[in-house]
There are 2 protein chains.
Amino acid sequence: MKRAKGMRDFLPPQMMQREKVFSVLAETYREFGFQPLETPALELLSTLRAKSGEEIAGQLFEIRDSDFGMRFDLTVPLSRVAANTSFPKPFKRYQIGPVWRREEPQKGRFREFWQADADIIGSSSMRVEAELLEMASTALRRLGLCDFKILLNNRRILNSLLDHFGISEKRGGIFRTLDKIDKIGYASACKSLEPLLGESAGEIMPLFNLEGTNEEKLAEFGKYSPEGTEEVRQILELFPDFSFEPTLVRGLGYYSGPVFEFKGTGEYSGSFAGGGRYDGLLELYGKGAPAAGVSLGVERILLLLGENMEKKTYTDVFVATLPGQYQKGIEVAKELRKERIPAETDLMGRSLKKQLDYARSLRIPWVMVIGEKEAEKNQVTLRDMDAGEEETLPIAKAIMKIRRI
Amino acid sequence: MKRAKGMRDFLPPQMMQREKVFSVLAETYREFGFQPLETPALELLSTLRAKSGEEIAGQLFEIRDSDFGMRFDLTVPLSRVAANTSFPKPFKRYQIGPVWRREEPQKGRFREFWQADADIIGSSSMRVEAELLEMASTALRRLGLCDFKILLNNRRILNSLLDHFGISEKRGGIFRTLDKIDKIGYASACKSLEPLLGESAGEIMPLFNLEGTNEEKLAEFGKYSPEGTEEVRQILELFPDFSFEPTLVRGLGYYSGPVFEFKGTGEYSGSFAGGGRYDGLLELYGKGAPAAGVSLGVERILLLLGENMEKKTYTDVFVATLPGQYQKGIEVAKELRKERIPAETDLMGRSLKKQLDYARSLRIPWVMVIGEKEAEKNQVTLRDMDAGEEETLPIAKAIMKIRRI
């Protein structure tokens, strides 16, 4: 029987790699003071639709004969919880888990995929943005991804700009085009934007093609949005390692202030992670509060790290037994586990040769062989499977050797 | 806005307890050589229905306009994967994750709940059962649950018994009643069973009320099922700590050989965990193979451990800063995190008093205060929040004190 379309099974070697990535992310989040929160897979459709936007609303997995749907991200559930619970402020939570979208599956795009989010509720200070940028940078570097640049913008700057030129009502179309500018290029964006910008095009378009330092670019935009640029400067003071990028939009959803994106600068030029401020979102679900967050693209990161199927098991020792010695084998395995060394015994009653084949097929690094002679003397024959060397010694000594003490 | 019915949010203090339980289980499983496997939330309805039984088929969350449903356990997905993938045998996997059933929510019963399963595919040896019993016992004891007894039976014994008396076709009804015997009592079970057992009742019923040692009881049943009792004896030789319980049935699903259950002997007399052999299941999904597994009742275990909301955060140090010192605070937090000490800074720009209130509300054990004087000398004032004592010292020394070196 087949798997459902767009779904995946993760076999042990893949899981070992995924668990490593997840644990690096969780540890990094914890080191920055974020706490775990878990929300259910199913939410009321009204909750999901309140801020999903048209595109995602069409991608919901809805439950038959009910008003439930599967979550499509981790931000909407967080907003529901945070708006209805009282926490000491700021409330800093992380969640790593699957989300579901009913899109047509493609290479690298699945209907069940993982997100790793960290959000801070309750502070309007730009210290929040500086911390999120620092944390995401740390996490990516720890995962071995170092070739990236950070693009930062502020929705307030874009909004003030459109206000200034009296073209706010065209925001949707303008943002949609800006959002694609890195794909379609500046020239093509000009062509699409000119009819929307109207007579202001000549003044506005050069702003989206500025060269120079962050400070030089901010000075230009400061004329239209002193508050928006001041926020960017505050972040710059605490976290200087980003490029101010006035064309960055990040979707059309709930963002209200600074937005940012981590983009590859090596072979991969897409996005690793992104996020921003969404001060208005919580109010939709209960009590309002300022909020901002970052989301790491777990699938993308795993794809970039490449499949490392080298490690096939967590087991360190296979306890092989000759006929009549299985009970002794169980005892030895018990001693190993007492020392927290993962150990297996032969559950099939196989020949020694077949037991060794099994250990080899799983790349278990050590085998302890127990025959009558070893059992009598309370010893084991310890075999280093890589080196192919073996020696007979007391169990305690064998444990020390495995631990390289 | 509200949560969907039967679903739960787990707030940070609950999550910290849950993560601890999950990690004890995962570590124990790994120490016995089990590997992680993850299957998707959604499966084809045909896969789910193939072996769900009538009761559970009515409890499926089905996806609108599709042939998908949400998994109701972790055994069916495992069987689909194992029957369609080639692994070195035996294949030992564990999975800890949520499953979904559309039941009416009650106290202690939810529509999303967690299971922690470990299964062994590919061996018909009773060594498998002995290992599963040993592993589940170890895991429960590590979680602090020691008041339990293990009941073991073999479906083959029950089947042979009914064959012997020529009443196999009444198996369903007989098993359903036996399954309830510990709730309804022997006398009441007799009344329900007599019409089903017919003229054999007088011979059969006393068998379900035997007193004596495992060996004595096995001797009685051996007359009807030499193979079934021999399997139980093989387990007894490797793992003696169970009571042979001829009335144990464990549901009506896919079990084909030994079945077992861990039951509380203290205040709680319900089940902690259970499992058994299901040699026939994989064939339904592709290639057949012998299989057996154990499932730990995570929700039950968490309920029994009681809510321990003492720990409110993983954060060890709050870095409090006086005006103008926030940048220095970030640096200090960075040094702490380099040492893998979780640390937070003040993201709100609050007064020192309010910063301390925040640290106190989350029960963060240490606060480092940085004012102008401290910053100049590259020191911090380290405050032990429990003892209420503080002292000013270099950062490296403060770190050593936190680590109690």
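Quick caveat: nothing in here was measured; it's all calculated off a predicted structure.

### Things to note about the sheet that holds strand β4 (residues 91-100) of chain B
Residues and elements named next belong to chain B.
Part 1: Taking strand neighbours across the sheet as the criterion, the eight strands line up as β1-β4-β5-β10-β9-β8-β6-β7 in an open arrangement whose pairing is mixed. Whereas interior strands pair on both sides, the edge strands pair on one side only; in this sheet they are β1 (35-36) and β7 (243-244).
Part 2: Here strand β8 (residues 258-264) pairs with strand β9 (residues 271-277) via five bridges, running antiparallel. If you follow F260 over to β9, its bridge partner there is G275.

### What about the packing of helix α1 (residues 12-31) of chain B against helix α13 (residues 298-305) of chain B?
Residues and elements named next belong to chain B.
Part 1: One can describe the packing of α1 onto α13 by two numbers: an axis separation of 11 Å at closest approach and a directional angle of 125°. Between α1 and α13, the interaxial angle falls into the category oblique. Here α1 and α13 pass one another in a crossing that is right-handed. Residue-level inspection shows Q17, R18, V21, F22 and L25 of α1 in contact with α13, the latter providing V298, E299, L302 and L305.
Part 2: Tallied by class, the residues present in the contact of α1 with α13 amount to six nonpolar, one polar and two charged.

### Focus: helix α17 (residues 395-402) of chain A
All names here are of chain A.
Part 1: Along α17, the positions that sit buried rather than exposed are I395, A398, I399 and I402. The arc enclosing the buried residues of α17, seen along the axis, measures out at 100°, which places them on a common side. Away from its buried face by more than 90 degrees, α17 exposes A396 and K397.
Part 2: On its buried face, α17 is in contact with β11 (317-321), α14 (326-338), β13 (366-370), β14 (379-384) and β15 (389-394).
Part 3: Once α17 ends, the next one or two residues include R404, with phi positive near 55°.

### Looking at the relation of the copies chain A and chain B
Part 1: The transformation that overlays chain A on chain B combines an axial shift of 0.0 Å with a rotation of 180°, and the residual RMSD is 0.1 Å. What we have between these two chains is a two-fold relation.
Part 2: Taken together, the interface assignments show that 100% of the residues at the interface of chain A recur at the interface of chain B, consistent with an identical surface on both copies.

### Digging into helix α14 (residues 326-338) of chain B
All names here are of chain B.
Part 1: Relative to the 18 Å expected for 13 residues at 1.5 Å per residue, α14 spans 18 Å between its end C-alpha atoms, a close match to the ideal helical length.
Part 2: Looking at α14, one finds that the buried residues are Y326, K328, G329, V332, A333, L336 and R337.
Part 3: Looking one or two places after α14, you find R340, whose phi comes out positive at around 60°.

### Looking at the interface of chain A and chain B
Part 1: Taken together, the contacts link 93 residues of chain A with 93 residues of chain B.
Part 2: Between chain A and chain B, a total of about 7900 Å² is buried, with carbon and sulfur atoms accounting for 58% of that surface.
Part 3: For the pair chain A and chain B, the interface holds 16 salt bridges.
Part 4: One salt bridge connects K334 of chain B with E134 of chain A, and the closest N-O pair in it is separated by 3.6 Å.
Part 5: Across the chain A-chain B interface, the total number found is 42 residue pairs in polar contact (both at pLDDT 80 or more).
Part 6: At seven residues, the largest contribution of residues to the side of chain A that touches chain B is made by helix α1 (residues 12-31) of chain A.

### So, the packing of α1 of chain A against helix α5 (residues 127-142) of chain A
Residues and elements named next belong to chain A.
Part 1: At a minimum axis separation of 10 Å, α1 and α5 run at an interaxial angle of 150°. The interaxial crossing formed by α1 with α5 has right-handed handedness. Residues V24, L25, T28, Y29 and E31 of α1 form the contact with α5, whose participating residues are M135, T138, A139 and R142.
Part 2: Residue classes in the contact of α1 with α5 are distributed as five nonpolar, two polar and two charged.

### Examining the pattern of salt bridges
Part 1: The final tally for this structure, using the stated rule, is 62 salt bridges over all chains.
Part 2: For the salt bridge of R8 of chain A with E299 of chain A, the shortest nitrogen-to-oxygen distance reads 2.9 Å. Linking R8 of chain A in the segment before α1 with E299 of chain A in helix α13 (residues 298-305), this pair joins segments that are 291 residues apart in sequence. The same class applies to R8 of chain A and to E299 of chain A, which are both buried.
Part 3: Connected through salt bridges with shared partners, the residues R3 and D9 of chain A together with E43 and R80 of chain B form a single ionic network.

### Structural notes on the side chain of E103 of chain B
Residues and elements named next belong to chain B.
Part 1: Following the sequence through the fold, E103 ends up in the loop between β4 and β5 (112-121).
Part 2: Among the residues examined, E103 registers a relative accessible area of 17% and is labelled buried.
Part 3: If sequence neighbours within four positions are ignored, E103 has contacts with Q59, R109 and R111.

### Looking at the nonpolar core
Part 1: Formed by 74 residues in total, the largest nonpolar core has its most connected members in F34, L132, L133, F242, F262 and L296 of chain B.
Part 2: Here this core takes eight residues from helix α5 (residues 127-142) of chain B, the largest share from any one element.
Part 3: What L133 of chain B contacts, discounting residues up to four positions off in sequence, is I150, L152, I235, F239, F242, F260 and F262 of chain B.
Part 4: Judged by nonpolar contacts, the second largest core, of 73 residues, contains I120, A136, A201 and L236 of chain A.

### Description of the environment of S361 of chain B
Part 1: By the secondary structure assignment, S361 of chain B is in helix α15 (residues 352-361).
Part 2: As for S361 of chain B and K312 of chain B, which are separated by 49 residues in sequence, their C-alpha atoms are 8.6 Å apart.
Part 3: The contacts of S361 of chain B, once residues within four sequence positions are left out, are P88 of chain A together with K312 of chain B.
Part 4: Looking at S361 of chain B, its side chain comes within polar contact range of the main-chain oxygen of Y358 of chain B, at 2.8 Å.

What counts as what
Residues numbered from 1 in each chain as written. Chains lettered and ligands numbered in written order. Predicted model: local features only at pLDDT ≥ 70, side-chain atom pairs only at ≥ 80, totals over all residues. Heavy atoms only, no water. Pairing = 2+ DSSP bridges. Helix = DSSP H or I, 4+ residues; strand = E, 2+ residues; numbered from the N terminus. Axes fitted to C-alpha atoms, helices over the stretch in contact; angles between N-to-C directions. Parallel < 35°, antiparallel > 145°, perpendicular 65-115°, else oblique. Left-handed = near helix turned anticlockwise from the far one by under 90°. Contact = heavy atoms within 4.5 Å. Nonpolar A, V, L, I, M, F, W, Y, C, P; charged D, E, K, R; others polar. Buried < 20%, exposed > 50% of the residue type's maximum accessible area, 1.4 Å probe, protein only. Arc of directions from axis to C-beta. Least-squares fit on C-alpha atoms with pLDDT ≥ 70 in both. Expected span 1.5 Å × (residues − 1). Buried area = accessible area lost by both parts, 1.4 Å probe. Salt bridge = Lys/Arg side-chain N within 4 Å of Asp/Glu carboxyl O. Polar contact = N/O pair within 3.5 Å; in protein donor to acceptor, adjacent residues only side chain to side chain. Core = buried A, V, L, I, M, F, W, Y, C linked by side-chain atoms within 4.5 Å.

Remember that the coordinates give geometry; whether it matters functionally is a separate question.
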